[in-house]
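One letter stands for each residue in the lines below.
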Amino acid sequence: MSQDDSHTTVPTESDAAGGALPALRHSRLLQYLQDRGQATVAELVTLLDVSRDTVRRDLDLLERRGLLVRTHGGAVTKDRLVRVDTTMGLRMDEHVEAKRRIGHAASDLIRDDETLILNGGSTICFFAAALGGRRSLTIVTNNLRLPAVVPEGSIQSIHILGGSYWPNYQVTIGAIGFAAVAGIHADTAVIGCSGVSASGISMTKLDEAAHTAGMIGVASRTIVVADQSKFGITAFANIAPLDDIQCLVTDAEPPPELAAALERAGVQVIVCGE
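Reading the values: rules and limits
Residues numbered from 1 in each chain as written. Predicted model: local features only at pLDDT ≥ 70, side-chain atom pairs only at ≥ 80, totals over all residues. Heavy atoms only, no water. Pairing = 2+ DSSP bridges. Helix = DSSP H or I, 4+ residues; strand = E, 2+ residues; numbered from the N terminus. Axes fitted to C-alpha atoms, helices over the stretch in contact; angles between N-to-C directions. Parallel < 35°, antiparallel > 145°, perpendicular 65-115°, else oblique. Left-handed = near helix turned anticlockwise from the far one by under 90°. Contact = heavy atoms within 4.5 Å. Nonpolar A, V, L, I, M, F, W, Y, C, P; charged D, E, K, R; others polar. Salt bridge = Lys/Arg side-chain N within 4 Å of Asp/Glu carboxyl O. Buried < 20%, exposed > 50% of the residue type's maximum accessible area, 1.4 Å probe, protein only. Core = buried A, V, L, I, M, F, W, Y, C linked by side-chain atoms within 4.5 Å.

- Going by what an unreviewed UniProt entry lists, the protein is known as DeoR family fructose operon transcriptional repressor and is assigned to Kaistia defluvii.

See the structure below:
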């Protein structure tokens, strides 16, 4: 029997090297996760002074006990994973200052006369509201909040993609919108998402992820806007690998494993501090 299966308090050789009994180690791990909302395997190896295999076994055990949720390369708190999939109104009220800074920083990357393709999400709304310094923009979107928040003087035209209306997210999704995306070209796709991990960017809804992947496919460059609460999360539906992204605009330095993956993929990371 392994130490995890038996719940024994007798340390293994690797545990003894870290000087922590399993119960104490699990307590420290959960406290760290609660404080940060997320943790990577690499961070926990350093924190607990044990092997990567020991950390992975601990995470698997604690997930079986219902105390956390495993992600690619780490874990998140259960309440955090729930918050990934919430209504648009609630998301607009979360991490407001971070999203505002991200929106302003991303707007600085946009040139006059560009055609932008934008998906749904609260951070995209903050980005759109920050476009006041731009002129003659053409916007294509399925985000029904955008026409009300984009500064009027910045816009040449706004094109709303058709499809089924999802009231909780205030977007349109479906075959009509996806077909329209395939027939256009955009200079820049600005994309919000539910998770950013070493495996790529992701969302909780399969149809929306496919729709967003189509947006990335018709754009010359892709800018992802995501605050640090999205780091390390692999949501249900993959949108695109990191290789398909040119720039990530965020409010904090990504954790080491994610930072290394972004660097390997050639993604420019722009951190907008307070």
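### A look at the sheet that holds strand β10 (residues 195-197)
Here is step 1 of the chain: Strand order in the open sheet made by the 3 strands is β10-β11-β13, with antiparallel pairing throughout. What marks the edges here is a single partner per strand, and that holds for β10 and β13 (237-240). This sheet shows a mean twist of 35 degrees between the axes of neighbouring strands, independent of strand direction.

### Here's the deal with the packing of helix α8 (residues 96-107) against helix α9 (residues 122-129)
Here is step 1 of the chain: Remark: α8 packs on α9, axes separated minimally by 7 Å, with the N-to-C direction vectors making an angle of 50 degrees. When the axis of α8 is compared with that of α9, the two are oblique. Crossing hand, α8 versus α9: right-handed. The segment α8 lies against α9, with Val96, Lys99, Arg100, Ile102, Gly103, Ala106 and Ser107 engaging Ser122, Thr123, Phe126 and Phe127.
Here is step 2 of the chain: Residue composition of the contact of α8 with α9, grouped by class: 5 nonpolar, 4 polar and 2 charged.

### Section: the pattern of salt bridges
Here is step 1 of the chain: This structure, assessed with the given rule, holds 8 salt bridges.
Here is step 2 of the chain: With its nearest N and O atoms 3.8 Å apart, the salt bridge here joins Glu114 to Arg111.
Here is step 3 of the chain: Across the pair Arg221 and Glu114 runs a salt bridge, and its minimum N-O distance is 3.2 Å. Of this pair, Arg221 sits in strand β12 (residues 219-225) while Glu114 sits in the loop between α8 and β4 (115-118), and the two are 107 residues apart along the sequence. Glu114 carries the same exposure label as Arg221, and that label is buried.
Here is step 4 of the chain: Connected through shared salt-bridge partners, Arg111, Glu114 and Arg221 make up one network.

### Some thoughts on the environment of Val41
Here is step 1 of the chain: Take Val41: it is sitting in helix α4 (residues 41-48).
Here is step 2 of the chain: Considered as a pair, Val41 and Arg52 are 11 residues apart in the sequence and their alpha carbons are 6.7 Å apart.
Here is step 3 of the chain: When neighbours within four sequence positions are excluded, Val41 is seen to be in contact with Arg52, Val55, Arg56, Leu59, Gly73, Gly74 and Glu257.

### Examining the nonpolar core
Here is step 1 of the chain: In terms of nonpolar packing, the biggest core is built from 30 residues, with Ile117, Ile201, Val224 and Ile239 touching the most fellow members.
Here is step 2 of the chain: The set of elements that each furnish at least two residues to this core consists of β9 (186-191), β11 (200-203), α12 (206-217), β12, β13 and α13 (256-264).
Here is step 3 of the chain: Residues within four places of Ile239 in sequence aside, it is in contact with Cys193, Ile201, Ser202, Met203, Ala209, Thr212, Ala213 and Ile216.
Here is step 4 of the chain: Core analysis: the next-biggest nonpolar cluster, separate from the first, contains 23 residues, Leu116, Leu118, Ala128 and Val249 among them.

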